[in-house]
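Remarks on the overall topology
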Amino acid sequence: MNKILILFAHPRFEKSKTNRALLKNIGKRQGVTLNDLYEQYPDFNIDVNREKGLLVAHQIIIWHHPIYMYSAPALLKQWIDLVLEYGWAHGKDGDFLKNKIIFNAITAGGTREVYARGGYNRYTIREFLLPFEQTATLCKMIYLPPFAVQGTHLLTSEALNQYVVFYHTLLDRLVTGDFDVDAMKKTEFLNDWLLSKTELAKP
Amino acid sequence: MSNIFLHDALIYLAAAVVFVPIAKKLRMGSVLGYLLGGIIIGPFFLGFIGQEGKDIMHFAEFGVVMMLFLIGLELEPSNFWRMRNLILGTGSVQLCTTTILIFAVFLFIGFGWQAALACGLALAMSSTAIVMQTLREKGLTKTESGKSSFAVLLFQDIAVIPILALLPLLAISSVHAPAAGDATLLSGQPGWAQTLTLLGAVGLVILSGRFVIVPFLRFIARIHLRELFTASALLIVIGTASIMMLVGLSPALGTFLAGVVLANSEFRHELESDIEPFKGILLGLFFISVGASINFSLIINNPLMIVALVCGIIMIKAGVLFLTGKLSRLSFDQNLLFTLGLAQVGEFAFVLFSFIHQLNILPAQSTDMMMGVTAISMTVTPLLLLANDRFIIPRVGTKEKEEKEADGIDVHNPVIIAGFGHFGSTLGRFLRANGIHATILDNDSDRVDLLRKMGFKVFYGDATRIDILKSAGADEARILIAAIDSPEINYDLVDKTKKLFPNLTIMVRAKSRLDAYELIDMGVKDIYRESLDTSVRLGIDVLIKLGIRKYSATRAGQNFIKYDEAAMNQLARHRHDQDTYIFNTREQIQLQEQLLTNDREVNPTLNDHAWDSDLIVNKLADDGSEH
């Protein structure tokens, strides 16, 4: 059984309908630990040792955050800068995260169509997430495609519910080990992998 | 001899230990407890102590002597100067008017003019001991009435010096040989010589304070023996008192002067903390002996006369005080407190009356009666204040609880703030700015009026009273904030709340680290030290002004606070390991030492390796070929 650590960063969680739905009762699920960074470190003063301890205790890490200006909120960047130390997470003797699985779970206002070559945002989500992918690679971790809830501005409540079921199914399968890394890596989003492997309806 | 001493000590201490807690439980204040204890062990009830109560009183007057030394110590000239208008204005109006009125009444009753004037002066005095103790226990020293009371008392205490100097002049026409065994330098001399001696003695105290005592204390301090310093402090007080007795003056005044002279020296705080415990015990003893010395047979023989005198004098004094309060623009509630608080005759009256008797201005019988009246009036004061607290104030002036509008529903706020001084008010404003409504408890009527005008929900009264907590909604509220200035009252509040309202989250303002330890012991989790955040914020700005980048300085500050709170919780547990009891001031020093050592071992501001590339650069240099 795997243990999942959700590193959640949202400065206005109370106003985010999507994320409140995704994370409702999440901490009660078997094998899932929610680390609400903005609640834990309102002064941005991250306790590096506590974070390292959490990372060591989990096999699967999720950077769960909204996309702000094509990247993550500031506290998550602060977390990456401070916690993933040289000599611990990467570099010489930096093997503490080796072979752990990591990916981004994101929410974005724009739809998948606007994040495209010819689209309004000119680049894909995968391209905007390249710094995360390379950070994971530097730390010898296995980086998976992102799980994404897109077009949140126009999301109907049925569609939102569908995404919640998706996210929870994903977590369950990760915990129980019902997944194949290579198959996952072939998809653009973990949403797609879930669709191909289960009977879930497309939102 | 020592047997008698032990026996007496046993009775007095037992009386204090039994009656003071009872009085406290009944919310009557310690003074009334001591007085009642004294009455009950005195010759007219249980008779554990007989007529020698009077001798004990002479001994216990030493508590008053020490109290005045401490008051003197607190009277830095600059402080005095700032309060000069209040002290001189309020004080002189009260003293002169009261004296004149009592003088007139006594003349009317048939006293000689000298006797009437002497009695007027003596009876105009109020009790510093009772009033200051009561104000401190109730946490009212900083209110307007507290300040005015202090000013009037101070003026009286100072005025005793010229009054004692004047009294021999009143006796000029009737110089008698003094009683045997009472030989002092003053007795048997003509009035003018006595006055001169007195002024000489006062001058001596002032000069020796400046030029002898301070160098002496410096010498003692260099020896670094704690007991020796305590001994020296006692020596100064007792020495000054003895010299004053030798010349036949009030020892209390001598030590008061000595205190004033030493107020500007570097030893002020040290002396204060050394004398304080002795003062507390002896003052308690003094109140007990006042209770024991009340001559109930005198009351039984002349009940009407005594009752009339006590009531008359209290009414005259109260009337004058009320007008004085009006003149210094006290609001109604504050004035009531001021009036009733100071309406008794004070301990200096004992001193003055015995001096008056010694000068043969007043016959023995009248002196006894006056002393009885004084003691009774002192006993009545706590009762008057109690009545004021319970029955008068809730009905007139600032109401305990705001009148509900006819159709208004009583909304219970989620937060209760006890104490709206400089700490509580900032907090309350912050909460209000964020739309959180708090119920406020405060015991300063002026502030309560103001806050009500500003639309706050305020309860007026002692926050440690259970009925007030209940009506403020402690049952329904979620958080109680103990923001009272006095740590002792905060402890009391925390203690009661924990027992009676276990569902309330208690958040407490702590004055100092020691205060915080006390609260940790009581099981409080949310403790906020006044001294922590502000000093660290200042420290951060120091770093910034010295050229350190703001973000680094800020993070250093954040980490220091985190480290300091962790250290506090840890050290609080170890504090009980020491088997020796250490006095407060020394504990502070020891604490500082502990902290500084700790800081040296763990660097509280070490962090943020990841932002420094030194580590990587060094490692790369070490094993360069690998990369």
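Residues numbered from 1 in each chain as written. Chains lettered and ligands numbered in written order. Predicted model: local features only at pLDDT ≥ 70, side-chain atom pairs only at ≥ 80, totals over all residues.

This part is about the overall build of chain A. Counting its regular elements, chain A contains nine helices and six strands. Here chain A holds 203 residues, and 34% of them are scored as buried. Restricting the contact set of chain A to residue pairs at least 6 apart, pairs at least 24 apart contribute 79%. (Helix = DSSP H or I, 4+ residues; strand = E, 2+ residues; numbered from the N terminus. Buried ≥ 20, exposed ≤ 12 C-beta atoms within 10 Å, placed from the backbone. Contact = placed C-beta atoms within 7 Å.)

A separate point is the overall build of chain B. Within chain B one finds 26 helices and six strands. A buried classification covers 41% of the 627 residues belonging to chain B. For chain B, contacts bridging at least 24 residues in sequence account for 70% of all contacts bridging at least 6.

All names here are of chain B. Remark: helix 8 (residues 144-170) packs on helix 16 (residues 347-358), axes separated minimally by 11 Å, with the N-to-C direction vectors making an angle of 10°. If you check the angle between helix 8 and helix 16, you find them roughly parallel. With respect to the hand of their crossing, helix 8 and helix 16 are arranged in right-handed fashion. Of the residues in helix 16, those touching helix 8 at Val 160, Ile 163, Leu 164 and Leu 167 are Phe 348, Leu 352, Phe 355 and Ile 356. (Axes fitted to C-alpha atoms, helices over the stretch in contact; angles between N-to-C directions. Parallel < 35°, antiparallel > 145°, perpendicular 65-115°, else oblique. Left-handed = near helix turned anticlockwise from the far one by under 90°.)

Attention now moves to the sheet that holds strand 3 (residues 457-460) of chain B. Residue and element names in this part refer to chain B. Taken in spatial order, the six strands line up as 3-2-1-4-5-6 in an open sheet, and their pairing is parallel. The sheet terminates laterally at strand 3 and strand 6 (526-529), the two strands that pair on one side only. This sheet shows a mean twist of 20° between the axes of neighbouring strands, independent of strand direction. Bridge count between strand 5 (residues 505-510) and strand 6: four bridges; the pairing is parallel. Across the sheet, Val 508 pairs through a bridge with Ile 527, a residue of strand 6. Across the sheet, helix 21 (residues 487-500) touches strand 1 (415-418), strand 4 (479-482) and strand 5, and the angle it forms with strand 5 is around 170°. (Pairing = 2+ DSSP bridges.)

Turning next to the pairing of strand 1 (residues 4-8) of chain A. Remark: a regular strand shows side chains that alternate across the two faces of the sheet. Residues and elements named next belong to chain A. With five of five residues buried, strand 1 lies mostly within the body of the structure. The two faces of strand 1 match: Ile 4, Ile 6 and Phe 8 on one face and Leu 5 and Leu 7 on the other face are all buried. Strand direction decides the pairing type here: strand 1 and strand 2 (residues 32-36), joined by five bridges, are parallel. Within strand 2, the residue paired with Phe 8 across the bridge is Asp 36. Tracing the backbone out of strand 1, into helix 1 (residues 17-23) and back to the parallel element strand 2 gives a crossover that is right-handed. Bridge count between strand 1 and strand 3 (residues 60-66): five bridges; the pairing is parallel. (Right-handed = clockwise from strand over helix to strand, strands pointing away.)

Here the focus is the nonpolar core. Grouped together as the largest cluster of nonpolar side chains are 121 residues, with contacts concentrated most on Ala118(B), Ala122(B), Leu352(B) and Ile356(B). Ignoring any residue separated from it by four or fewer positions in sequence, one finds Leu352(B) in contact with Leu121(B), Ala122(B) and Ile163(B). Ranked by size, the runner-up nonpolar core spans 52 residues in total, among them Ile4(A), Leu22(A), Phe103(A) and Met141(A). (Core = buried A, V, L, I, M, F, W, Y, C linked by C-beta atoms within 7 Å.)

What follows concerns helix 14 (residues 303-327) of chain B. Residues and elements named next belong to chain B. Between its terminal C-alpha atoms helix 14 stretches 36 Å, which fits the 36 Å expected from 25 residues at 1.5 Å a residue. Among the residues of helix 14, Leu 309, Val 310, Ile 313, Ile 314, Ile 316, Lys 317, Val 320, Leu 321, Thr 324 and Gly 325 are the ones counted as buried. Just downstream of helix 14, Arg 329 is the residue with a positive phi angle, here 60°. (Expected span 1.5 Å × (residues − 1).)

To continue, consider the packing of helix 6 (residues 113-123) of chain B against helix 8 of chain B. Residues and elements named next belong to chain B. Contact geometry of helix 6 with helix 8 gives a least axis separation of 10 Å together with a crossing angle of 170°. Taken together, the axes of helix 6 and helix 8 lie roughly antiparallel to each other. Here helix 6 contributes Gln 114, Leu 117, Ala 118 and Leu 121 to the contact with helix 8, which in turn contributes Ile 163, Leu 167 and Leu 170. Here the residues of the contact of helix 6 with helix 8 are counted per class, giving six nonpolar, one polar and no charged. (Nonpolar A, V, L, I, M, F, W, Y, C, P; charged D, E, K, R; others polar.)

Residues and elements named next belong to chain A. Even without glycine at this site, Arg 122 takes up a positive phi of about 65°. Here Arg 122 lies in the loop between strand 4 (101-108) and helix 5 (125-128). Here Arg 122 falls in the exposed class, since 11 other C-beta atoms lie within 10 Å of it. A positive phi angle, near 60°, is found at Lys 140, a position not held by glycine.

Residue and element names in this part refer to chain B. Structurally, Gly 254 is set in helix 11 (residues 251-262). C-alpha of Gly 254 to C-alpha of Ile 161: the two residues are 93 residues apart in sequence and 9.1 Å apart in space. Excluding its chain neighbours within four sequence positions, the residues that come into contact with Gly 254 are Val 205, Thr 240, Ala 241, Ile 243, Met 244 and Leu 249.

With that settled, consider the environment of Ala349(B). All names here are of chain B. Looking at where Ala 349 falls in the secondary structure, it is placed in helix 16. For Ala 349, a count of 26 C-beta atoms within 10 Å gives the class buried. C-alpha of Ala 349 to C-alpha of Val 160: the two residues are 189 residues apart in sequence and 9.6 Å apart in space. Ala 349 has contacts with Ala 122, Leu 123, Met 125 and Thr 374, leaving out every residue within four places of it along the chain.

Residue and element names in this part refer to chain B. If you trace the backbone, Leu 519 turns up in helix 22 (residues 513-521). Residues Leu 519 and Asn 490, spaced 29 residues apart in sequence, show a C-alpha to C-alpha distance of 9.3 Å. With near-sequence residues (within four places) excluded, Leu 519 lies in contact with Val 494, Val 508, Ala 510, Val 524 and Ile 527.

Residue and element names in this part refer to chain B. Of all residues in chain B, 84% have pLDDT values of 70 or greater, and the mean over the chain is 80. Mean pLDDT values for the elements of chain B range from 65 in helix 25 (residues 584-601) up to 95 in strand 5. Within the model, the stretch residues 174-183 combines pLDDT values under 50 with eight contacts to residues more than four positions away or in other chains. In the predicted structure, residues 579-584 sits below a pLDDT of 50 and forms four contacts with residues beyond four places in sequence or in another chain. (pLDDT = per-residue confidence, 0-100.)

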